[in-house]
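Commentary on secondary and tertiary structure
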Amino acid sequence: MTMLQHSPLSGTSTPLGGPAPAPRALGAVNWVGFATLTKREIRRFLKVWVQTIAAPVVTTLLFYAVFALALGGVVRMVGDVPFLRFLGPGLIMMGMAQNAFANSSSSVLVSKVQGNIVDVLMPPLSSLEFVSAFVTGGVVRGLLVGLVTWIVIEMVVPLGMHAPFYVLFHALMASMLLSLLGLIGGIWADKFDHMAAVTNFVITPLSFLSGTFYTLDSAPPFFHTLAHVNPFFYFIDGFRYGFIGHTDGTLGTGIVVMLGTNLVLWLVALRMVSTGYKLKA
Amino acid sequence: MDMPAAGNATDMPLPAGAYRPGRRRHHGRFNTLGFLTLLGREVKRLRKMAMLFLVAPCLSAALYFTVFEFGLGDRRDTPEGDAILAFLVPGLVALSLLTQSVQIPSFSILYAKLEGAILDQLMAPVGAAEMLAAYVLSAMAAGVASGAAVWVGFLVFWQAPMADPALVLLFVVLGSTMMATFGVLTGLISMKWDHLSAAMTFVFTPLIFLSGLFAPVTTMPAVLRAIVQANPIYYAIDGVRIGFLGQGQDQAAFAALVLVGVNVLLLAIAGTLLHRGYRLRN
């Protein structure tokens, strides 16, 4: 109350009779707002960690067991790498990517459906702060899922570490890319069916046909070409290179594709949020 | 002729659904009308979800197949590789059959509970037997439709003839009944969506995946083989596969016996819980 008396607007008065509060100065970046929203995004998935961390880890490990059992007996080596070492990094990346996507998309869509999206639209948050917070939430979830899966797989099948920079770079870029895609998808979708359709018909096929389970040398030319326009291929390939030093593509191209795709998606997401597309209708 | 007096109010046609104290309805032991109504509602629900339970399983079966085919590497197009794929196809048909059979009723029951719509059928003269039959049959329909869609899809690019259609049918019925009853139980036990998704992720998906779906048990380490053989889903998938491939009929009788036993047990538990109104009437 004492603060209000020093308001520069003390000439006008509020309905209660006191002087009107001064607008809060936020500076160029609303750090408090960004940090608050980011914290919300992280706590949101940590609260249900069984569903958001443990479940994807179990699913990934199941895939690993299944493919190891079904193909491990016949396909012992991929190039000069044992099949199980080849498979590990791809599966870790798949789990990370799918969960980074699921986090931001479900967060935005649930807020929209429940109507509490106004809680993040009303505060003084710029589109950059808005997008960054949602993307950070997805990235943190993706990285956590990847880290836990990696630790578990490492205990069974030592994957090794060939080039840590590639592992980190691709983990970060892939989580960011999928998190942005999830944000864009969540803003676009009107109901859960739309999101399920995107996950089933876009994200899952892209992640399956990316060379996670096979080396591109063994795929027909059509799938070979298909993989090279699939960003999933580049981040799985680069991530795998970081562990085992085997690459199906060109690492430099991969890095350019990752940075380029991320840049485009950032711009799309920022544009969607600043125009309020399907958010402020 | 004993004609009723003109203008007698009791002979006026009453509006539909009006209370008629004079008319007593008898249902007998099984309310067929109630059962058919509930079944009809469940089937209508399915029609709206066709995209989810027909198209999505086909796509995921195609993805699994592609991934396995390419994963074979230089073993592709060899007898060894073809044997793996021939083994895989009936497994993928069974995968969608069983997954949809368990998902459909659990989702439907939990949704009705959360929305409060479950009251509509608890108030109606529909007992545990009618409810169980309606849920299990509609789930079987969904499972069979989804498995058939996957199979027909495979016929386009992979020879998957049924060696013994009667055997396939038997195991399809036994397997989907078992999963549908599991689904009813999951729907009854779950109190919120988290419970349902936890049951799917931590119970049913591992059970379905570790059932000899993708690899023959004979190639597994002894410990894993014992675990797989204690899993009732293994017998359903194995039975469907025996019917498709026509190999190993000697095991079919035992598998059918196990499934009949599990089904009787599960149906009894689900019937009792429904009768008591477990987590329904509170």
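Only a predicted model underlies this, so the values are computations on that prediction, with no experimental measurement involved.

Here's the deal with the overall build of chain B
A tally of helices and strands in chain B yields 10 helices and zero strands. Reading the secondary structure of chain B in the N-to-C direction produces α-α-α-α-α-α-α-α-α-α. Taking the principal axes of its C-alpha atoms as reference, chain B extends roughly 90 × 40 × 35 Å. Counting across all 282 residues of chain B, residues that qualify as buried make up 40%. Restricting to contacts in chain B with at least 6 residues of sequence separation, those with at least 24 account for 83%.

Things to note about the interface of chain B and chain A
Each partner contributes residues to the interface: chain B has 29 residues there, and chain A has 27 residues. For the side of chain B that touches chain A, the secondary structure elements donating two or more residues are helix H2 (50-71), helix H3 (79-115) and helix H7 (193-209) of chain B. Element by element, the count of residues in the side of chain B that touches chain A is highest for H2 of chain B, at 10 residues. Among the residues making up the side of chain B that touches chain A, the classes are represented as 16 nonpolar, eight polar and five charged.

Describing the environment of Ile233 of chain B
Residues and elements named next belong to chain B. Within the secondary structure, Ile233 is located in helix H9 (residues 232-245). Separated by 58 residues in the primary sequence, Ile233 and Gly175 place their C-alpha atoms 7.3 Å from one another. Beyond its immediate chain neighbours, meaning those up to four positions away, Ile233 contacts Leu98, Leu207, Ile208 and Ser211.

A closer look at the packing of helix H4 (residues 83-114) of chain A against helix H6 (residues 127-156) of chain A
Residues and elements named next belong to chain A. Remark: H4 packs on H6, axes separated minimally by 8 Å, with the N-to-C direction vectors making an angle of 150°. Between H4 and H6, the angle falls in the class roughly antiparallel. Once H4 is placed against H6, the crossing between them reads as right-handed. Per-class residue counts for the contact of H4 with H6 are 12 nonpolar, 11 polar and one charged.

So, helix H2 (residues 31-47) of chain A
Residue and element names in this part refer to chain A. Here H2 is 17 residues long and its end C-alpha atoms lie 24 Å apart, about the 24 Å a rise of 1.5 Å per residue gives. Among the residues making up H2, those that are buried are Leu37, Glu41 and Phe45. For H2, the buried positions fall inside an angular range of 65° around the axis, keeping them on one side. Exposed and oriented more than 90 degrees from the buried face of H2 are Trp31, Arg43 and Lys47. Of the surrounding elements, those touching the buried residues of H2 are helix H3 (49-71), H4, helix H5 (118-121) and H6.

A few points about the confidence of the model for chain A
Per-residue confidence for chain A gives a mean pLDDT of 89; residues scoring 70 or more make up 94%. This model gives residues 1-11 of chain A a pLDDT under 50, and the stretch forms 14 contacts once residues within four places in sequence are excluded.

Here's the deal with the environment of Phe208 of chain A
Residue and element names in this part refer to chain A. With respect to the helices and strands, the residue Phe208 is situated in helix H8 (residues 192-208). Under the C-beta neighbour-count criterion, Phe208 is labelled partly exposed, with 19 such atoms within 10 Å. With 37 residues separating them along the chain, Phe208 and Ala171 place their C-alpha atoms 17 Å apart.

Thresholds, definitions, all that
- Residues numbered from 1 in each chain as written.
- Chains lettered and ligands numbered in written order.
- Predicted model: local features only at pLDDT ≥ 70, side-chain atom pairs only at ≥ 80, totals over all residues.
- Helix = DSSP H or I, 4+ residues; strand = E, 2+ residues; numbered from the N terminus.
- Buried ≥ 20, exposed ≤ 12 C-beta atoms within 10 Å, placed from the backbone.
- Contact = placed C-beta atoms within 7 Å.
- Nonpolar A, V, L, I, M, F, W, Y, C, P; charged D, E, K, R; others polar.
- Axes fitted to C-alpha atoms, helices over the stretch in contact; angles between N-to-C directions.
- Parallel < 35°, antiparallel > 145°, perpendicular 65-115°, else oblique.
- Left-handed = near helix turned anticlockwise from the far one by under 90°.
- Expected span 1.5 Å × (residues − 1).
- Arc of directions from axis to C-beta.
- pLDDT = per-residue confidence, 0-100.

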